[in-house]
Amino acid sequence: MELINYPEKQDWYDLVSRPSLGTADLDEVVNSILAKVKTFGDQALFELLEKYDQVSLDSLSVSSSEFFDAKGEVSEELKNAIQVAKGNIEKFHAAQRFSLQKIETSPGVVCWQKQVPIQKVGLYIPGGSAPLFSTLLMLGIPAKLAGCPEIVVCTPPNKNGKIHPATLYTASLLGIKKVFKIGGAQAIAAMAYGTSSISKMNKIFGPGNQFVTKAKELVQTKGVAIDMPAGPSEVLVIADESARPDFVAADLLSQAEHGPDSQVILLSTSKDLVANVLNEIEKQLDALPRMEVTQKALQNSKAILLKNLNDCIAFSNLYAPEHLILACENPSNLAEAVTNAGSVFIGNYSCESAGDYASGTNHTLPTNGFAESYSGVSLSSFTKYISFQEISKEGLDRIGNAIEVMAEAEGLQAHKNAVTIRTSKS
């Protein structure tokens, strides 16, 4: 990690930039994949599976026997862990259900909203070097709670053409039966345009690599809704002398191991703390199976000394991290000053891994500074709101003149007449 001592505020804007490891021809490659799938459907998906995953399949769909076999391949210990996470995620997201209220804005004028599930949602679940069955919990649970009638899962197979058994077990646990063996930009294309195997979805969810992210960005311009802009994972830790260096180092490494384009940031007011954390990172790094990937991410990462905690929180709000950890004295007070973050972890024992798996909050979060304007996935992400109004003659008489005056001022005579024709007659 690069160590930066007390940078001037005018230099902060350069420091909050994310690493860019994308290929120069990313747009061209992804556009080509999207066009191929849109034109040739399943045929293109099979060809792209062979090209990118070195897998030849007869069917994209996971069979009932594969679901059954997966259940026996998952240990009881992991099943119990998934159940714990499922219960907490359900509790947190069920509490977000919309409560219908009818509001009488004027006598005789009643307005309300109805929360309606999105009819067809596609869930992209990464499955490469780290099959993220936890993401299926994070997306599948709110989709089910929202009542989405059709839920489709796309996830890349391994070299043997199989899906990780924990992913299939989780799908079964949630009652999701449509799981397809396809990943990358081609999976996003299939859910965006539809093929003979995979239905066209109304909204697409889920994290992924740069190709998946670019594909979601491009299909959104064609009218397909997505959950949010997302990129490589990141964490920012604010720590003072009260923090545990070994805890802080473990949190930084937990995000760095996601991929070489991930970024971790440490902000501190204590030189000793920073030095101890950097030493702990070196010690803990040697024991990590994904050490090579983690080291590459650390090359993109920074430890920054700032004068006080107010500067730390100001820098964090400018950075707008996906994950923010407050490992300092009186962290709850500091949390009140947070305006830009995907998810916040308060205190030394609130490790980011808890939010990734089992605390109950959602781990599908905005990255790359998009936490300035986007929220993480929630129950409302899988619903839409329809507004209603019911107006009596008395109600229209009360607000009719205001409508007529405003419509005439905008030069929309037909709008005015739609009121006048009603109010001018007894």
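All of the points below concern the structure found in this document. As the structure is a prediction and not an experimental result, all values here were calculated from the model.

Considerations on the packing of helix H2 (residues 26-40) against helix H3 (residues 42-53)
Close contact between H2 and H3 brings their axes to 6 Å; oriented N to C, the two are set at 140°. Relative to H3, H2 is oriented oblique. Contacts between H2 and H3 involve Val29, Ile33, Lys36, Val37 and Phe40 from the first element and Asp42, Gln43, Ala44, Leu45, Glu47, Leu48 and Tyr52 from the second. Across the contact of H2 with H3, the residue classes break down as eight nonpolar, one polar and three charged.

Side note on the pairing of strand E6 (residues 178-181)
Alignment of strand E5 (residues 150-155) against E6, held across four bridges, turns out to be parallel. Across the sheet, the residue bridging to Cys154 is Phe180, located in E6. Following the backbone out of E5, through helix H7 (residues 165-174) and into the adjacent parallel E6, one traces a crossover that is right-handed.

Some remarks on the nonpolar core
In terms of nonpolar packing, the biggest core is built from 35 residues, with Val121, Leu123, Leu136, Ile176 and Phe382 touching the most fellow members. Only helix H4 (64-73), helix H5 (76-94), strand E4 (120-124), helix H6 (133-146), E5 and H7 provide two or more residues apiece to this core. For Phe382, the residues in contact, after removing those within four places along its chain, are Val116, Pro117, Ile118, Val121, Leu123, Leu139, Pro142, Ala143, Ala146, Cys148, Phe205 and Val377. If you look at the next biggest cluster of nonpolar residues, it comprises 33 residues, including Ile33, Met201, Ala215 and Val224.

Observations regarding the sheet that holds strand E1 (residues 2-5)
Reading across from one edge, E1-E11-E10-E9-E12-E13 is the order of the six strands in this open sheet, with parallel pairing throughout. In this open sheet, the two edge strands, each paired with only one partner strand, are E1 and strand E13 (343-346). Going across the sheet, the axis of each strand differs from the next one's by a mean of 15°, ignoring polarity. Inspection of the sheet shows strand E10 (residues 263-268) paired to strand E11 (residues 302-305) by four bridges, in the parallel sense. From the neighbouring strand, Ser268 faces E11, where its bridge partner is Leu305.

Points about the pattern of salt bridges
For side chains of opposite charge, pairing can occur when their charged atoms come near one another. Going through the model one piece at a time under the given rule, you end up with 17 salt bridges. For Arg18, the salt bridge identified is with Glu234, shortest N-O distance 2.8 Å. Taken together, the residues Arg18 in the loop between helix H1 (12-15) and H2 and Glu234 in strand E9 (residues 234-239) connect sequence positions 216 residues apart. When salt bridges that share partners are traced, they join Asp27, Lys214 and Glu217 into one network.

Re helix H11 (residues 271-285)
For H11, built from 15 residues, the straight-helix expectation of 21 Å at 1.5 Å per residue is met to within 8% by its first-to-last C-alpha distance of 21 Å. Considering only its buried residues, H11 is in contact with E1, E9, helix H10 (245-256), E10, helix H12 (291-299) and E11.

Points about the side chain of Thr170
Position of Thr170 relative to the elements: it lies in helix H7. A relative accessible area of 0% means that Thr170 is categorised as buried.

Here's the deal with the sheet that holds strand E14 (residues 383-391)
Spatial ordering of the open sheet is given by E2-E3-E14, a layout of three strands whose pairing is antiparallel. Each of the sheet's edge strands pairs with one partner strand only, and the pair in question is strand E2 (103-106) and E14. The mean inter-strand angle of the sheet, taken between neighbouring strand axes irrespective of direction, is 30°. With three bridges connecting them, E2 and strand E3 (residues 109-117) associate as antiparallel partners. Following the sheet pairing, Ser106 is matched in E3 by Val109. Strand contacts of helix H16 (residues 393-409): E2, E3 and E14, with the helix running at about 95° to E14, the strand carrying the most contacts.

Points about H7
Where burial is concerned, most of H7 is hidden: eight out of the ten residues are buried. All of the buried residues in H7 are Pro165, Ala166, Thr167, Leu168, Tyr169, Thr170, Ala171 and Leu174. Against H4, H5, H6 and E6 lie the buried residues of H7. Positive phi shows up at Gly175, right after H7, with a value of about 80°.

Criteria and thresholds
- Residues numbered from 1 in each chain as written.
- Predicted model: local features only at pLDDT ≥ 70, side-chain atom pairs only at ≥ 80, totals over all residues.
- Heavy atoms only, no water.
- Axes fitted to C-alpha atoms, helices over the stretch in contact; angles between N-to-C directions.
- Helix = DSSP H or I, 4+ residues; strand = E, 2+ residues; numbered from the N terminus.
- Parallel < 35°, antiparallel > 145°, perpendicular 65-115°, else oblique.
- Contact = heavy atoms within 4.5 Å.
- Nonpolar A, V, L, I, M, F, W, Y, C, P; charged D, E, K, R; others polar.
- Pairing = 2+ DSSP bridges.
- Right-handed = clockwise from strand over helix to strand, strands pointing away.
- Core = buried A, V, L, I, M, F, W, Y, C linked by side-chain atoms within 4.5 Å.
- Buried < 20%, exposed > 50% of the residue type's maximum accessible area, 1.4 Å probe, protein only.
- Salt bridge = Lys/Arg side-chain N within 4 Å of Asp/Glu carboxyl O.
- Expected span 1.5 Å × (residues − 1).

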